[in-house]
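Notes for the structure review
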Amino acid sequence: MSRLSEEEIVNKLQNDQEVEYVFDQLVQLYKERLYWHIRHIVKNHEDAHDVLQNTFIKVFRYRKKFKKESKLYSWMYRIATNESITFLNKKAKKLNINNLELNELLLENLESDPYFEGEEIQLLLQKAVVILPEKQQQVFNLKYFQDLKYKEIAEILEVSEGALKSNYHHAVKKVEKFLKENQTIDK
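None of the values given here were measured: they were computed from a predicted structure.

1. Remarks on the overall build of the protein
- When helices and strands are counted, the protein shows nine helices and zero strands.
- When the helices and strands of the protein are read in sequence order from the N terminus, they spell out α-α-α-α-α-α-α-α-α.
- Taken against the 2.2 N^0.38 rule, which gives 16 Å for 187 residues, the C-alpha radius of gyration of the protein at 18 Å falls within 12% of a compact globule.
- For the protein, with 187 residues in total, the buried portion stands at 43%.
- For the protein, the proportion of contacts with a sequence separation of at least 24, taken over those separated by at least 6, is 59%.
- Carbon together with sulfur atoms contributes 48% to the accessible area of the protein, which is approximately 11,400 Å² in total.
- Distance between charge centroids for the protein: 5 Å, based on 30 positive and 30 negative side chains.

Below, the structure written as structure tokens:
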């Protein structure tokens, strides 16, 4: 089974006779990257799996509407980002709390999450990211954790590269400041 090019995948996705085979390949190709992207937003393993599943359902449902104006993975990341934000907004509403309170709750739960294998500094980094404004969080997550290029992030978030660079710069400064102020030093 050879790997298909993105153009071949897109063409086969939009063809009802070939969609099942190629969609399986697409899921295998992107599920881990999308999972970690979502996980950095929703913080919880089970929630990340739910959002990932919803993401692939939307990708499948709207595959014929993909206009090829961006890369396929950019389109899927945009769907994953929107699904994650929608999920968090619904969760906050259901719990009758605001998004800041929800982020604090998610961080508390992250500390006791058996799937979180991070050390203290990684937990502190997550706390620093959570207090960033939403746009800075998104840019930071995509650049720092996913190691995407500004051009790719611009396609995903549908904003200019200049705005992204500015958001990332401000996010990094805030994260650095938070880490310096909150890091405990063992002597």
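Read on for the rest.
2. Topic: the environment of Gln-136
- Structurally, Gln-136 is set in helix α7 (residues 134–145).
- Note: C-alpha distance between Gln-136 and Asn-167 (31 residues apart in sequence) is 5.3 Å.
- Residues in contact with Gln-136, not counting those within four places in the same chain, are Asn-167, His-170, Ala-171 and Lys-174.

3. Concerning the UniProt feature "domain: RNA polymerase sigma factor 70 region 4 type" (unreviewed entry) in the protein
- The sites that UniProt annotates as "domain: RNA polymerase sigma factor 70 region 4 type" (unreviewed entry) are residues 124–174.
- Annotated as 80% helix and 0% strand, the span residues 124–174 places its first and last C-alpha atoms 13 Å apart.

4. As for the UniProt feature "domain: RNA polymerase sigma-70 region" (unreviewed entry) in the protein
- Those places that UniProt annotates as "domain: RNA polymerase sigma-70 region" (unreviewed entry) correspond, in this numbering, to residues 26–92.
- Across residues 26–92, the secondary structure splits into 82% helix and 0% strand, with the terminal C-alpha atoms separated by 31 Å.

5. Overview of the packing of α7 against helix α8 (residues 150–157)
- With their axes 10 Å apart at the nearest point, α7 and α8 run at an angle of 135 degrees to one another. Our classification of the angle between α7 and α8 gives oblique. Note that α7 runs across α8; the crossing there is right-handed. Contact residues: α7 offers Lys-135, Gln-138, Val-139, Leu-142 and Lys-143, while α8 offers Tyr-150, Ile-153, Ile-156 and Leu-157.
- Looking at side-chain class alone, the contact of α7 with α8 contains six nonpolar, one polar and two charged residues.

6. With respect to the environment of Phe-60
- If you trace the backbone, Phe-60 turns up in helix α3 (residues 45–61).
- Along the chain, Phe-60 and His-170 lie 110 residues apart, while their C-alpha atoms are 36 Å from each other.
- Look past the residues within four positions of Phe-60 in its chain and what remains in contact with it is Val-19 and Phe-23.

7. Examining the nonpolar core
- Counting 51 residues, the largest nonpolar core has Leu-13, Leu-26, Leu-34, Leu-72, Met-76, Phe-140 and Val-175 as the members making the most contacts within it.
- Mapping this core onto the domain boundaries places at least three of its residues in each of domain 1 (1–115) and domain 2 (118–186).
- Filtering out sequence-adjacent residues up to four positions away, Leu-72 remains in contact with Glu-6, Ile-9, Val-10, Leu-13, Leu-26 and Phe-66.

8. As for the packing of aromatic side chains
- In total, this model carries ten aromatic pairs according to the counting rule given.
- Ring centres of Phe-23 and Phe-56 lie 6.2 Å apart, and the angle between their planes is 90 degrees; on these two criteria the pair is classed as edge-to-face. Remark: Phe-56 occurs in helix α3 and Phe-23 occurs in helix α2 (residues 19–42); sequence separation between them is 33 residues. Side by side, Phe-23 and Phe-56 carry an identical accessibility label, which is buried.
- Relative to Phe-145, the ring of Phe-140 has its centre 6.1 Å away and its plane inclined at 85 degrees; by these criteria the two rings are edge-to-face.

Cut-offs used in this document
Residues numbered from 1 in each chain as written. Predicted model: local features only at pLDDT ≥ 70, side-chain atom pairs only at ≥ 80, totals over all residues. Heavy atoms only, no water. Helix = DSSP H or I, 4+ residues; strand = E, 2+ residues; numbered from the N terminus. Rg over C-alpha atoms; globule rule 2.2 N^0.38 Å. Buried < 20%, exposed > 50% of the residue type's maximum accessible area, 1.4 Å probe, protein only. Contact = heavy atoms within 4.5 Å. Areas by Shrake-Rupley, 256 points an atom, 1.4 Å probe, with all protein chains shown as cover. Lys, Arg positive; Asp, Glu negative; His and termini not counted. Charge placed at Lys NZ, Arg CZ, Asp CG, Glu CD. UniProt positions renumbered as here; feature names shortened; annotations may be inferred. Axes fitted to C-alpha atoms, helices over the stretch in contact; angles between N-to-C directions. Parallel < 35°, antiparallel > 145°, perpendicular 65-115°, else oblique. Left-handed = near helix turned anticlockwise from the far one by under 90°. Nonpolar A, V, L, I, M, F, W, Y, C, P; charged D, E, K, R; others polar. Core = buried A, V, L, I, M, F, W, Y, C linked by side-chain atoms within 4.5 Å. Domains from an automatic or database assignment. Phe/Tyr/Trp six-rings, centres within 6.5 Å; stacked < 30°, edge-to-face > 60°.

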